[in-house]
Amino acid sequence: MLVLITYDVNTEDAAGRTRLRKVAKQCVNYGQRVQNSVFECQVDSVQYRQIKAILEGIIDKKKDSLRFYNLGDKYKNKVEHMGAKPGFDVTEPLIF
């Protein structure tokens with residue numbers, strides 16, 4: 001399933017900047033960055049629960065926020081892109 005993860009981490013202090021880096025690093029492990037604080041993650045239900053638990057353990061719930069948008073398996077007609085940085089299908093093989 002495709003899950004869109006967005007986050008807003010308060011970076012007014014050093015601890016917040018550390019949390020921001022940790023959240024971004026974990027999101028990279030599960031998907032691709034599509035905007036500064038937005039990741040598209042192609043995951044199964046176990047991975048979805050894992051990333052939610054990991055991120056919940058990192059953020060400060062009084063200062064930060066996370067949002068998870070579950071677009072499911074039939075997401076292609078639900079995602080429309082305009083502008084720079086064209087996206088690619090996360091289910092297709094990448095050739096380097």
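Residues numbered from 1 in each chain as written. Predicted model: local features only at pLDDT ≥ 70, side-chain atom pairs only at ≥ 80, totals over all residues. Heavy atoms only, no water.

Participant: So what's going on with the pairing of strand S2 (residues 32-35)? Which residues, and what values?
Facilitator: Pairing analysis gives three bridges linking S2 to strand S3 (residues 38-42), with the strands arranged antiparallel. Within S3, the residue paired with Gln32 across the bridge is Glu40. In textbook terms, the turn of a hairpin is the stretch between consecutive antiparallel strands, and for S2 and S3 this stretch comprises two residues. (Pairing = 2+ DSSP bridges. Helix = DSSP H or I, 4+ residues; strand = E, 2+ residues; numbered from the N terminus.)

Participant: How would you explain the side chain of Asp64 if you had to name every residue and give the values?
Facilitator: Inspection of the secondary structure puts Asp64 in the loop between helix H2 (45-58) and strand S4 (65-72). Here the side chain of Asp64 touches Arg19 through a polar contact of 2.6 Å, side chain to side chain. Beyond its immediate sequence surroundings of up to four residues, Asp64 is in contact with Asp8, Val9, Asn10, Arg19 and Ile59. (Polar contact = N/O pair within 3.5 Å; in protein donor to acceptor, adjacent residues only side chain to side chain. Contact = heavy atoms within 4.5 Å.)

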